[in-house]
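Coordinate analysis (summary)
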Amino acid sequence: MKNYTSLQSIQADLHAGYITCRQLVEFYLQNIAEKNTQLNAFLKVFDQEALAKADEIDQKIKTGNAGKLAGMVIGIKDLLCYKDHTSTAGSKILDGFESQFNATAVQRVIDADAIIIGSQNCDEFGMGSTNENSAYGACLNAVGTNRVAGGSSGGSAVAVQADMCLASLGTDTGGSVRMPAGFCGLVGLKPTYTRVSRWGLIAYASSFDCIGPITKSVEDAAILLEIIAGKDEQDSTVSRLEVPQYSAFDTTHKTLKIGYLKEAVESAGLQPEVREATWAKLEALKAAGHVVEAVEFPLIKYFLPTYYILTTAEASSNLSRFDGVKYGHRSNQATDLMSMYKKSRAEGFGKEVKRRIMLGTFVLSASYYDAYYTKAQKVRRLIKDYTDQLLSEYDFLVCPTTPTTAYKIGEKTSDPIQMYLGDLFTVQANVVGLPAISIPNGVDNDGMPIGFQIMGGAFQEKALLSFAKSLY
Amino acid sequence: MKIDKEALQKIAHLARLEMPASTEDEMMGSLNSVLTWMEELNEVDTADIKPLTHMSLEVNALREDKVIPNISREQGLKNAPKQDGEYFRVPKVIE
Amino acid sequence: MNQEIRNKYEVVIGLEVHAQLQTESKIFAADSASFGAAPNTHISPITLGHPGTLPKLNRKAVEYAIKMGFAAGSKISEYQYFDRKNYFYPDLPKGYQITQDKTPICIGGGVKVKLSTGEKVVRFHHIHLEEDAGKSLHAEGLSDSLIDYNRAGTPLIEMVTEPEIKSSEEAAQFMTEVRKLVRYLHICDGNMEEGSLRCDVNISVMPVGSKVFGTKVEIKNMNSIRFIQKAIDYEVVRQIEAVEAGVKIIQETRNFDPSTGRTSGMREKESMNDYRYFPEPDLVPLHISEELLIQVKTQMPALPWELFEKFTKTYGLPDYDAGVLTDSREVAEYFDATCQFTKNYKAASNWIMGTIKSYLNDNHLEIEQLTITPEKLAQLINLVDEGKVSTSTASQQIFPVMVTDTSASPLQIAEAKNLIQQSNTDTLQSLIDEVLAANPAKVKEYKNGKKGLLGMFMGDIMKKSKGSADPKVTTALLQKTLDSL
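What counts, and at which threshold
- Every chain's residues receive numbers from 1 upward, in the order its sequence appears when written.
- Here every chain gets a letter starting at A, and every ligand a number starting at 1, in the order they are written.
- A pLDDT threshold of at least 70 governs which residues receive local features in this predicted model, and a stricter bar of 80 or more applies before side-chain atom pairs are shown or counted, although totals over entire chains, interfaces and linings include all residues.
- Values reported for side chains reflect all heavy atoms of the structure, with hydrogen atoms and water molecules removed beforehand.
- Here, any two strands with at least 2 DSSP bridges between them count as paired.
- Only DSSP runs of H or I reaching four residues or more are called helices, and only runs of E reaching two or more are called strands; each is numbered from the N terminus.
- Residue contacts follow a heavy-atom distance rule, with two residues in contact if any of their heavy atoms lie within 4.5 Å.
- In short, buried area is how much 1.4 Å probe accessible area vanishes from two parts on joining, totalled over both.
- A pairing counts as a salt bridge when a side-chain nitrogen of Lys or Arg comes within 4 Å of a carboxyl oxygen of Asp or Glu.
- N or O atoms closer than or at 3.5 Å make up a polar contact, with two conditions inside protein: a donor-capable atom paired with an acceptor-capable one, and, for residues adjacent in sequence, both atoms drawn from side chains.
- Using protein atoms alone on a 1 Å grid, points that fit a 1.4 Å probe yet trap it form a cavity, whereas open point sets bounded by protein on both sides within 12 Å along at least five of seven lines form a pocket; residues with an atom within 4 Å of a point count as lining.
- Grid points are joined across faces, edges and corners, and a volume is the space filled by probe spheres set on the points.
- Each residue is assigned to one class: nonpolar for Ala, Val, Leu, Ile, Met, Phe, Trp, Tyr, Cys and Pro, charged for Asp, Glu, Lys and Arg, and polar for all the others, Gly among them.
- Stacked, edge-to-face and tilted are the three classes for Phe, Tyr and Trp ring pairs, Trp counted by its six-membered ring, which pair at centre distances within 6.5 Å; planes under 30 degrees apart are stacked, over 60 edge-to-face, the rest tilted.
- Partly exposed describes any residue whose relative accessible area lies between the buried limit of under 20% and the exposed limit of over 50%, with all areas from a 1.4 Å probe on protein chains only and scaled to the type maximum.
- Between N-to-C directions, angles cover 0 to 180 degrees, with each direction set by a line fitted to C-alpha atoms, over the stretch in contact for helices.
- Each angle receives one of four descriptions, namely roughly parallel if under 35 degrees, roughly antiparallel if over 145, roughly perpendicular if within 65 to 115, and oblique otherwise.

1. Section: the pairing of strand β9 (residues 118-131) of chain C
All names here are of chain C. Pairing analysis gives 2 bridges linking strand β7 (residues 106-107) to β9, with the strands arranged antiparallel. Pairing of I107 across the sheet is with H126, part of β9. Bridging between strand β8 (residues 110-115) and β9 involves 6 bridges; their strand directions are antiparallel. For K112, the partnering residue across the bridge sits in β9 and is V121. Taking the residues between adjacent antiparallel strands as the criterion, β8 and β9 are bridged by 2 residues. Sheet topology note: the β9/strand β12 (residues 155-161) ladder contains 7 bridges and is antiparallel. Paired with E130 across the strands is L156, a residue of β12.

2. Details of the interface of chain B and chain A
Facing the 54 residues of chain B at the interface are 66 residues of chain A. It is W37, L41 and M55 of chain B in chain B that bury the most area against chain A; as a group they hold 14% of the surface buried on that side. With a shortest N-O distance of 2.9 Å, E18 of chain B and K343 of chain A are connected by a salt bridge. In this assembly, chain B and chain A are joined by 23 residue pairs in polar contact (both at pLDDT 80 or more).

3. Structural notes on empty space enclosed by the protein
All names here are of chain C. Going through the model one piece at a time under the given rule, you end up with 11 cavities of 30 Å³ or more. Roughly 110 Å³ of volume is contained in the largest cavity. In terms of lining, the largest cavity is formed by 14 residues, of which the most central are T47, K94, E131, A152 and G153. Within the lining of the largest cavity, the residues separate by chemical class into 8 nonpolar, 2 polar and 4 charged.

4. So, the packing of aromatic side chains
The geometry of an aromatic ring pair is captured by the separation of the ring centres together with the interplanar angle, meaning the angle of the planes. Enumeration over the complete set of coordinates arrives at 38 aromatic pairs over all chains. Between Y260 of chain A and W279 of chain A the ring centres are 5.4 Å apart and the planes differ by 75°, which places this aromatic pair in the edge-to-face class. On the criterion of sequence distance, the pair formed by Y260 of chain A in strand β7 (residues 257-261) and W279 of chain A in helix α9 (residues 272-287) is long-range, its members being 19 residues apart. Judged by its relative accessible area of 8%, Y260 of chain A is buried. Using a relative accessible area of 27% as the deciding quantity, one classes W279 of chain A as partly exposed. Consider the rings of Y446 of chain C and F457 of chain C, whose centres lie 6.3 Å apart with planes at 65°: the pair is edge-to-face. In this pair, Y446 of chain C is assigned in helix α14 (residues 440-447) and F457 of chain C in helix α15 (residues 453-464), connecting sequence segments 11 residues apart.

5. Let's talk about the side chain of H42 of chain C
Residue and element names in this part refer to chain C. Turning to its location among the elements, H42 is positioned in the loop between β1 (9-20) and β2 (57-58). Polar side-chain contacts of H42 include one of 3.4 Å to the backbone oxygen of S34. For H42, the residues in contact, after removing those within four places along its chain, are K26, D31, S32, S34, A37, T47, Y149 and N150.

6. A short note on the packing of helix α2 (residues 59-72) of chain C against helix α5 (residues 290-298) of chain C
Residue and element names in this part refer to chain C. Two elements in contact, α2 and α5, have axes whose closest approach is 10 Å; the angle formed by their N-to-C orientations is 70°. Considering the angle they form, α2 stands roughly perpendicular to α5. Taking contact as the criterion, the partners of E63, I66, K67 and F70 in α2 are, on α5, L292, L293, Q295, V296 and K297. For the contact of α2 with α5, the residue count by class is 5 nonpolar, 1 polar and 3 charged.

7. Remarks on the sheet that holds strand β2 (residues 88-91) of chain B
Overall, antiparallel pairing links the 3 strands, which are arranged β2(B)-β11(C)-β10(C) in an open sheet. The two strands at the open ends of the sheet, each matched to only one other strand, are β2 of chain B together with β10 (135-137) of chain C. On average, each strand axis in the sheet is tilted by 35° relative to the strand beside it, whichever way the strands run. As judged from the 3 bridges shared by β10 of chain C and strand β11 (residues 144-148) of chain C, these two strands associate in the antiparallel manner. Note on β11 of chain C: the bridge partner recorded for S136 of chain C is I147 of chain C.

8. Structural notes on the layout of surface pockets
All names here are of chain C. Size it by volume and the second largest pocket reaches roughly 750 Å³. Together, 27 residues line the second largest pocket, and R183, D327, S328, V331 and E366 are the ones closest to its centre. At 6 residues, helix α9 (residues 345-362) tops the list of elements feeding residues into the lining of the second largest pocket. The class makeup of the residues in the lining of the second largest pocket is 12 nonpolar, 5 polar and 10 charged.

Take a look at the structure:
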């Protein structure tokens with residue numbers, strides 16, 4: 001099987017009759033069979049369904065009425081609801097739970113004739129940056145199996161990286177699509193907040209959560225966004241703005257004004273190869289005639305505290321529904337209602353999730369609400385206003401996706417703050433609700449991939465994707 | 001802000017998380033260090049800044065008042081840890 | 001309780017009234033909001049709080065809440081958003097209730113109540129929208145509680161009064177008025193037994209003239225106006241006795257037991273719950289436009305006091321009649337409609353309060369189900385006024401037929417059954433002359449004092465007229481004729 005990196009080339013070969021969807025699915029299933037036990041990217045594999053769907057799509061291609069995603073074999077992060085399939089959110093508390101409806105994003109890719117091959121491992125409820133917080137085991141980086149995949153959409157990234165599927169739908173609350181994409185040498189896109197409906201996305205932090213594609217090419221990210229984006233009756237917050245044709249890239253050459261975050265790019269904490277690769281990229285942009293300038297963002301040191309106060313607060317409330325009453329895990333040690341609640345939740349949730357629920361409960365509690373929660377909301381506004389201001393002057397803001405390449409397994413698990421610091425460059429986009437994409441930018445001396453992140457203005461994904469396409 | 005064991009158990013109770021004594025120190029330690037780190041926000045001058053309460057630009061997302069039948073009772077009870085075909089069951093609520 | 005002691009204290013009561021809005025679907029989900037279905041049949045993933053679900057606000061719930069605000073004279077908030085109230089209970093599927101904590105939809109306003117001492121306006125602090133919880137049933141002998149989510153997500157308005165209700169009478173009158181109002185507006189059926197309308201009572205006592213409120217006690221989920229009154233009466237005595245004895249009132253939630261008429265503290269000490277309110281991120285704000293306000297305004301029905309005013313001033317009815325007729329919107333509208341076809345407003349009132357009310361009660365019907373249209377009722381009233389039939393004939397012979405035969409007019413029915421009275425004085429005079437001429441001896445006896453013979457003459461005249469002689473007119477004419485002889 002050819003090494004396909006884009007749907008376009010697959011569709012060309014499908015239409016030419018060189019390959020069939022069935023062959024594609026068989027190819028991916030073969031890779032899953034060989035590598036998934038070790039890499040642990042997929043939690044569930046829908047082999048029979050995928051093959052059946054493949055046959056169906058092959059028919060449709062013959063009769064000429066196949067959808068836009070025909071030929072795309074896709075995996076979905078286990079935070080996305082897929083009707084009549086289990087959705088664990090990477091947690092024991094939802095062990096065995098079957099969703100009873102499709103997430104809108106999932107429905108849309110199904111309607112476009114994509115083939116869903118399985119549900120993917122992730123950090124529990126999206127809380128984590130390495131996929132080590134999954135209740136179903138860590139996910140390993142295929143490039144270096146002693147390294148983490150990144151998180152929380154680790155499984156979604158490794159699946160694409162190891163050719164277990166062409167693309168994945170992941171979710172990004174603080175960098176969870178972009179960071180694993182960066183660690184795994186892939187393209188990861190976080191759209192503008194509210195660009196894609198959150199109906200069917202198991203909520204972590206409602207005002208931060210986004211669904212985004214992880215792909216091998218910028219084109220595929222664009223096509224997927226085009227399919228999943230847009231208004232949806234079931235999500236009150238979703239944007240009702242028209243969805244442009246993202247896959248029609250704007251190739252007109254313009255001189256762009258690009259700002260790079262000084263505090264990020266010149267940070268002492270950057271791994272040397274990451275620094276070099278980033279500078280190289282900036283130099284190349286200058287050489288191409290763009291204006292490339294350092295921008296200062298004094299508030300950068302407040303990104304993470306702001307993010308963690310607000311996301312833990314929202315999460316502590318979103319996760320209250322997991323109480324052992326209507327679905328999910330119920331402790332068999334319970335003697336009365338109170339112990340049923342407390343034991344079920346203590347047994348069902350992992351350590352990091354419990355820590356964040358405790359933090360969130362604390363910051364929302366009456367005596368501390370203003371000191372933490374309201375304060376964080378105010379700082380969020382400051383960060384957003386400043387970022388919007390920068391993006392009115394610059395076309396894009398860039399920086400490395402992460403300060404380092406993928407950590408070794410277990411390297412960051414002892415100290416939560418060390419873990420959180422890895423999100424520094426990615427959280428900004430979630431704090432301010434803007435779109436950002438990570439594209440591969442070389443590898444380090446061990447061959448571990450380096451990511452380059454580009455952030456654009458609200459609902460400017462077309463410009464963002466077009467620019468990313470020109471670079472990768 | 002320092003959380004002591006009493007505060008820890010109060011929060012755990014609000015969050016309905018069992019926090020056995022053996023887990024208290026670790027949780028307290030990590031909570032306190034994260035809270036200290038979060039307190040850096042106090043360095044930021046936010047006088048006269050309005051809290052950002054809604055991230056979506058949309059307003060007035062309303063639904064027509066129409067009944068759309070959804071899942072059956074059987075489906076609704078399907079995922080339940082304990083049910084009797086009609087009701088969800090929980091250990092008795094003591095009033 | 002010794003009246004002297006009682007008079008040393010004033011009672012401070014605030015009510016939080018919950019009214020279920022009678023929308024078709026729930027406030028944030030499209031499952032049915034109707035009452036009485038088999039357990040857990042009005043559900044959806046949203047209602048069950050499944051992961052991945054999101055709420056979407058029901059437009060009608062907003063409109064109904066605005067209607068209540070208009071009726072109460074409240075200010076409708078132009079900018080509103082929703083908050084989460086976080087707590088754990090099996091009947092609360094998400095582990096939080098979506099409510100309006102910071103920006104209630106209506107601010108202020110009030111309801112006028114009639115007391116034995118005069119009229120008073122009980123003011124609202126605010127009215128806000130929120131969702132109802134499911135139901136938990138605790139059956140004897142079971143170690144489990146049973147949870148039914150049919151009610152979870154039903155739209156509610158919570159109407160919070162200022163703490164200025166002073167007695168159980170006031171509280172009862174207030175609830176009566178609120179119930180009438182929500183039924184008038186067609187936003188809630190006001191059925192307290194079924195729980196569509198219920199209230200929490202907050203009550204404390206303090207020495208007369210004190211500026212400091214006493215400790216407040218809450219009695220939750222009262223669903224009967226009578227019980228509200230009893231509970232308050234009991235609490236007033238209990239609290240005053242405690243204060244008199246120097247015993248501290250515990251701030252708590254108490255239960256009312258209808259069988260004993262007493263309140264009691266909940267067994268489990270209710271620790272003050274920290275609800276950790278924060279803005280609901282899954283809903284976007286509401287901006288209430290002028291257009292929406294105007295649209296809802298045009299949908300407002302005439303309100304009870306507006307109709308009372310009209311019935312007393314324009315139709316000249318006594319207060320009592322106007323009060324009875326405006327008790328329900330449907331009756332008031334029926335009466336008003338009848339008055340478009342007859343000028344005898346009092347007769348219309350009498351008919352509706354009398355014959356029609358009895359008929360409806362006997363047959364367990366509401367006035368909306370009455371088969372006699374207001375126009376037809378008016379025709380009947382006019383028929384009586386024209387002297388064509390007597391009132392008793394109308395109610396006992398024509399009305400029953402009208403109920404079943406909806407096509408015929410009262411006149412047609414009367415003619416068909418030969419009920420038309422003769423009130424033409426010439427015709428009657430000749431009948432009278434006939435009868436008197438046939439009984440000269442009796443006439444003489446009458447003239448000599450045997451006034452009772454009037455009845456005999458009337459009997460003969462009625463027979464001669466085959467019962468159609470208008471008794472009133474005939475009697476007067478007969479009397480006149482005899483006097484002139």
